[in-house]
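Listed below are the residues making up each chain.
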Amino acid sequence: MKVTRTLGQFIIEKQADFPYAKGELSRLLRDIGIAAKIVNREISKAGLVDILGEAGTTNVQGECQKKLDIYANEQFISALQSGGECCIVVSEENDEYIYIDSEISKDAKYIVAIDPLDGSSNIDVNVGVGTIFSIYRRKSVEGKATLEDVLQRGTEQVAAGYVIYGSSTMLVYTTGKGVNGFTLDPSIGEFCLSHPEMRVPEDGMIYSINEGYYAHFPDGVKKYIKYCQVEDDATNRPYTSRYTGSMVADLHRNMIKGGIFIYPITASAPKGKLRLVYECNPMAYIIEQAGGKASNGYQRILELEVTDLHQRSAIFIGSENMVKKAEEMMTCFSPQVMKKNFEGVAVIQ
Ligand code: P6P
């Protein structure tokens, strides 16, 4: 009889892996798991209660908020406020960071950045959506934690994870010792270890990008898309195109099967659309811990300087060899190289 290991049991077992093993991070991950189960309950019956559709408000990104966006945001913030381990919450849904100033949190050392419901435009059409979270330890040692404690590079993360509310609900996370996936068993209301030590295949045959923006993509991206579409048995091309409009769903599939997800700069998103602090950095940490690669086309995501809570970045993330190939094309067909080649041709002529 296979023994089911719950998320709670696993966190406690692995607690010794974590340098600050006083149980603080364990409690923080437990709090996030509880909020995820509550959000999952509402998502799974969204069609039956008045919780679908627009809330009539917009978030800091200027995106119209769905009622479930707001509900999910409230649940995660509430869980983090009452858990006592978190001193600051950064959320996609809130313009400013939330300082948790309570007796229970007076010694809290952790900062949590969260996208409470990623891909929420898919809620009304039953396509998978997700939660993404990133955890840092404050750098300051006394007084109130400040913005400086929040604006840390992705390499400083102590944990990161996502929840995917799909055909089943999974929580996938890392604390820097590999990646493990847990599937929610509704019959016992527990996340159970289902995908131990997840690894991203170094090659894949799936590329995920919104080709509707093709006309506005950088030349390197256009060249990479054409590379994916060329017939070549030796490299298993043409690849398959899969794009759901939910980064978590696309990335989770690519985690399991191998593949690359690209959201480059576009005319409407000249710095990229996805947010560095609570989307790109946590997903990059997870992917790298699973043996994959994540860059903005030129630089490692985790090493990008963080200057603003809601700053955006281009992202190329997934199977190592696929990301490397895309980066080659970004460099080869970058504006600087194209200009130099053009000038070179001009000189020859
Ligand atoms: P587009 C969802 O809004 C999101 O942030 C990601 O989950 C998703 O990959 C992307 O935006 C979809 O954006 O422009 O293709 O609709």
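From a predicted model like this one, the values you see are computed outputs, not experimental measurements.

Rules and cut-offs
Residues numbered from 1 in each chain as written. Predicted model: local features only at pLDDT ≥ 70, side-chain atom pairs only at ≥ 80, totals over all residues. Heavy atoms only, no water. Near = heavy atom within 4 Å. Polar contact = N/O pair within 3.5 Å; in protein donor to acceptor, adjacent residues only side chain to side chain. Areas by Shrake-Rupley, 256 points an atom, 1.4 Å probe, with all protein chains shown as cover. Nonpolar A, V, L, I, M, F, W, Y, C, P; charged D, E, K, R; others polar. Salt bridge = Lys/Arg side-chain N within 4 Å of Asp/Glu carboxyl O. Helix = DSSP H or I, 4+ residues; strand = E, 2+ residues; numbered from the N terminus. Pairing = 2+ DSSP bridges. Contact = heavy atoms within 4.5 Å. Axes fitted to C-alpha atoms, helices over the stretch in contact; angles between N-to-C directions. Domains from an automatic or database assignment. Buried area = accessible area lost by both parts, 1.4 Å probe.

Next up on the list: the site of the ligand. In the neighbourhood of the ligand, 14 residues make up the surrounding shell, with Asp-118, Tyr-213, Tyr-243, Met-247 and Tyr-263 lying closest. Within the contact set of the ligand, an oxygen atom lies 2.7 Å away from a side-chain nitrogen or oxygen of Asp-118. In the environment of the ligand, an oxygen atom lies 2.6 Å from a nitrogen or oxygen atom belonging to the side chain of Tyr-243. Here the ligand, which alone exposes 400 Å², has 85% of that area covered by the protein. For the shell around the ligand, the class distribution of residues is six nonpolar, four polar and four charged.

On to the pattern of salt bridges. All told, the structure shown has 19 salt bridges when counted by the stated rule. Between Arg-300 and Glu-288 there is a salt bridge whose closest N-O contact spans 2.7 Å. Of this pair, Arg-300 sits in the loop between β14 (293-295) and β15 (315-318) while Glu-288 is found in helix α7 (residues 276-289), placing the two residues 12 residues apart along the sequence.

As a further point, take the sheet that holds strand β8 (residues 169-174). Pairing is mixed across the open sheet formed by eight strands, whose spatial order is β4-β3-β5-β6-β7-β8-β9-β10. Looking at strand neighbours, the two that pair on one side only are β4 (98-99) and β10 (190-195), the edges of this open sheet. With five bridges joining them, strand β9 (residues 179-185) and β10 adopt antiparallel strand pairing. Bridge pairing in β10 places Phe-182 opposite Leu-193. Relative to strand β6 (residues 129-137), helix α2 (residues 24-44) is tilted by about 165 degrees, and along the sheet it contacts β3 (86-91), β5 (110-118), β6, β7 (159-165), β8, β9 and β10. Across the sheet, helix α6 (residues 247-257) is in contact with β5, β6, β7, β8, β9 and β10; its angle to β7 comes to roughly 105 degrees.

Here we take up the domain arrangement of the protein. Domain boundaries in the protein define domain 1 (7-195) and domain 2 (206-342). The interface of domain 1 with domain 2 comprises 49 residues on the first partner and 32 residues on the second. Approximately 2900 Å² of surface area, both sides summed, lies buried where domain 1 meets domain 2, with 63% of it carried by carbon and sulfur atoms. For the domain 1 face of the interface with domain 2, the top three residues by lost area are Leu-151, Arg-153 and Tyr-162, together amounting to 19%. At the boundary of domain 1 with domain 2, the tally comes to 16 residue pairs in polar contact (both at pLDDT 80 or more). When residues of the side of domain 1 that touches domain 2 are traced back to their parent elements, those giving at least two are β3, β5, β6, α4 (147-150), β7 and β8. Per-element accounting of the side of domain 1 that touches domain 2 gives the leading share, seven residues, to β6.

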